[in-house]
Structures are given as C-alpha cells and as structure tokens.
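The lines below spell out each chain.
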Amino acid sequence: MNKTDIIVVGAGPAGISAAVAAKRKGAQVVLIERGSFAGAKNVFGGAIYSHAVREIFPDFLETAPLERRITEHKFAILGEKDSTIISYHDPDAGEAYSVNRAKFDRWMADKARQEGVTIAEQTVVREIIKEKGRVIGVRTELEDYFADTVIIADGVNSLLTEQIGLRGRIEPKDVALSVKETYKIEECTDEGCVYQILGGPMSGMTGMGFIYTNKKSISIGLGVALDDLMKHKIKPYELLDELKAHPSIAPMFTDAALLEYSAHLIPEGGYKKMPKLHAPGVLVAGDAAMLVNNVHWEGTNLAMISGKLAGEIA
C-alpha cells in the first residue's frame, strides 16, 4: 500500500510551502501536481512579497529567479480618454519583487525536492478517500495513495473541497476572471513598477487592471467579476484590448511583441465565502481556501503563509 505521513494536493505556492513546512517537522511528504511541472498552469499578476517568501525560504534573495525589485507603485484612474495617476516611489524599497510564476514555482519545487519532499507530477487526483468519516488518502488516475493527513491546495476551483462537503459550489459572483498578456521589451534596470488601474473599460463593473514590469518583459491584464462579464455580455479579452488602447496606456506597448496570453479564475468571495478549513484528516490552504485579498491583489503571499501553517499543523 502507498502510505505516507502527509499528502499535499497541488504544487502551487500553498502546496509547496505546506510540503516544505511538514518535511522540516520530520514528516514524510508526497506532493501531487497535475501539471507537467510546478508552475506550468499557474497565473498571477506578477509580484511576491519578501516577508512571506522569507518565512519559507530565508535565502530567496540569493537563489530565487526574481525579475525586478518593485520601487514604484502607481494608481491610475481612467476616464474615457483622460486619466489621474498617483505615484509612490521609494528607491530603497525591497519588500516586493516581480516574478514569473512558471520559473518561480519551479524553483520552489526544486527547493522542496532538495529538502526531501517527493513530488509526483502529471498526476491528477480524482477524489478524496474517506473511511469512517475521516480522510485517509487520495485516488489518482493511476492508483490510490494513503496518508495520516491530506492538505488540499488545488486552487480556486477546488473540486476536492467541494467533494467532501467543506464548501458548496462556487457562484459567478464569488470569482473574477483575470486575463493577462506579456510583451517583450528591452532588458531594464533593477527597479520595477506596478500599476493598479481603475475605470476605463471596466467602468460600471467590479474589476481592476494591472501592469507589472519584468527584466525583459512587461505584463498587462485585468480581472473582472464573472457575474459582471455575464451581465454585460462582454469577453474579458475585449476589455483588455480597450485598456491597451487607452491614451495613458497605449504608449507603453507601442511596437511591443506579444509573448503570451493567459487567463485564470481568482477567488473573490471574501471571508464569508471561505470554506471550512479542516475536517478529520484534512486541511485546506491557498486559493482552495479562498484566501485572496482582492483589494490589494494579494493571493500568492497568503497562499504561502497558509500553506506553511497547514504543513506545521499536519
């Protein structure tokens, strides 16, 4: 029988942090990821905060694949053609860094392997196994795995959390659909900038736009409540095209070459929509626990801390 101390489902920031924290406490840990590698299917705007990462990986500044140190934060309020932009700049800032999730999550996974975590990639967990009211393992498309504790960190559309009754079905008003494009630019200096954007094509809807600068690329995107997209019968990429065409935004992308397009759901139900975070033999962390501060656009950092706590508790 495939038996271990702890199984973690999902190798995003929450899952990897949980696996590392549990391993450091002496547990045998198996981390299961359905993607071809950690970070292959993960999407976010683009910044991590050092206080959260440092709790898991104290040496991250020396070893992590960081893009640019964020020293400037701009808040842009767009009209139809006009804009009001408030800017804050601190050349000595060092608490936020833009990252590429495909690179950053892979780095985290490599660090977890170095600490003795077993990672099973390209493995889909189909269901949770229960016995006498307690979670005792998971059923994958290949075989069953058993553990004393299972940590669910499988993301916003957590079917496993729903399956075992820790939450109901997600409603359109509880999530936003975020779309992002990344463009190639000339390699830039160490200092980077973040934009948070209100209004413009998102006027009358619950949504915000964002821009993040990387070493050799710049990303632009927006997130809009799914029920607003349904109500207005508009596609998110159409809103993104309008945002890029705004006179205050368009000059940043003149002659820029598109590198990638991505989309992802973001849990925005708030505190009252959080599922129950534990039951006999199981804990929930990260987006699966709806842990996103949608005003500050902060989810990755909450995922890492919640994962660390779940791993230590398990």
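Up top is the structure these notes are about.
Because the structure is a prediction, the values reported are computed rather than measured.

Each value, and the rule that gives it
Residues numbered from 1 in each chain as written. Predicted model: local features only at pLDDT ≥ 70, side-chain atom pairs only at ≥ 80, totals over all residues. Heavy atoms only, no water. Helix = DSSP H or I, 4+ residues; strand = E, 2+ residues; numbered from the N terminus. Rg over C-alpha atoms; globule rule 2.2 N^0.38 Å. Buried < 20%, exposed > 50% of the residue type's maximum accessible area, 1.4 Å probe, protein only. Contact = heavy atoms within 4.5 Å. Areas by Shrake-Rupley, 256 points an atom, 1.4 Å probe, with all protein chains shown as cover. Pairing = 2+ DSSP bridges. Core = buried A, V, L, I, M, F, W, Y, C linked by side-chain atoms within 4.5 Å.

Draft legend 1. A look at the overall build of the protein chain. The helix and strand tally for the protein chain stands at eight helices and 17 strands. What you see for the protein chain is a C-alpha radius of gyration of 20 Å, in line with the 20 Å of a compact globule of 314 residues. In terms of principal-axis extent, the alpha carbons of the protein chain reach across some 65 × 45 × 30 Å. When burial is assessed residue by residue, the protein chain has 53% of its 314 residues classed as buried. The long-range fraction of contacts in the protein chain, counting pairs at least 24 apart against all pairs at least 6 apart in sequence, stands at 69%. Split by element, the accessible area of the protein chain, about 14600 Å² in all, is 51% carbon and sulfur.

Draft legend 2. The arrangement of the pairing of strand β8 (residues 125-131) in detail. Looking at chain direction, β8 and strand β9 (residues 134-140) are connected through six bridges and run antiparallel. Each bridged residue has a counterpart across the sheet, and for Glu131 the counterpart in β9 is Arg134. Taking the residues that link successive antiparallel strands as the turn, the β8-β9 hairpin has two residues, and the phi of Lys132 there is positive, at about 55 degrees.

Draft legend 3. The arrangement of the nonpolar core in detail. Core analysis: the largest hydrophobic core is formed by 37 residues, its most contacted members being Ile16, Ile48 and Phe60. Every element with two or more residues in this core is listed here: β1 (3-9), α1 (13-24), β2 (29-32), α2 (50-56), β6 (96-99), α4 (101-114) and α8 (300-313). Here this core gets six residues from one element, more than from any other, and that element is α1. Excluding residues within four positions of it along the chain, Phe60 makes contact with Ile48, Ser50, Val53, Arg54, Leu66, Tyr97 and Trp107.

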